[in-house]
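If you want the building blocks of each chain, they are given just below.
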Amino acid sequence: MFGGFGRPQPSSAEKIAAAEAEMDLVTDMFNKLQQACMKKCIPREYREGELNKGEGVCIDRCAAKFFDVQMKVSELLQQEAQAKGAGGGMGFGGM
């Protein structure tokens, strides 16, 4: 009964809404990744049906950098949220 530390358990509708919101975020992130890396690594005029080695390497590196940046931003946002929770909501940079 007290396993949730006094917080009510989310209903099925809330769980579904949370899952849908997460899917929207993942889809949005994938679309941004695809657009950024395609723009950077793939020429507008296709000359071959398959990726050449340079394009493949570029896309691999672009995707890795994209996810690294996403993780760093996520960590900073989590730190900010924790600081607001613990510090009375002083905001980013302490102001």
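All of the points below concern the structure found in this document. Because the structure is a prediction, the values reported are computed rather than measured.

Criteria and cut-off values
Residues numbered from 1 in each chain as written. Predicted model: local features only at pLDDT ≥ 70, side-chain atom pairs only at ≥ 80, totals over all residues. Heavy atoms only, no water. Disulfide = S-S within 2.5 Å. Helix = DSSP H or I, 4+ residues; strand = E, 2+ residues; numbered from the N terminus. Buried < 20%, exposed > 50% of the residue type's maximum accessible area, 1.4 Å probe, protein only.

Once that is clear, we can look at the state of the cysteines. Per the stated rule, a full pass over the model turns up 2 disulfides. Sulfur-sulfur distance for the disulfide between Cys-41 and Cys-58 comes to 2.0 Å. In this structure the cystine formed by Cys-41 and Cys-58 twists about its S-S bond by roughly -70°; its chirality is therefore left-handed. Taken together, the positions of Cys-41 in helix H1 (residues 12–41) and Cys-58 in helix H2 (residues 53–87) put the pair 17 residues apart, joining distant regions of the chain. What makes Cys-41 buried here is its relative accessible area of 8%. Here the protein pairs its bonded cysteines, counted in sequence order, in the arrangement 1-4, 2-3.

Read these as geometric descriptors, not functional statements.
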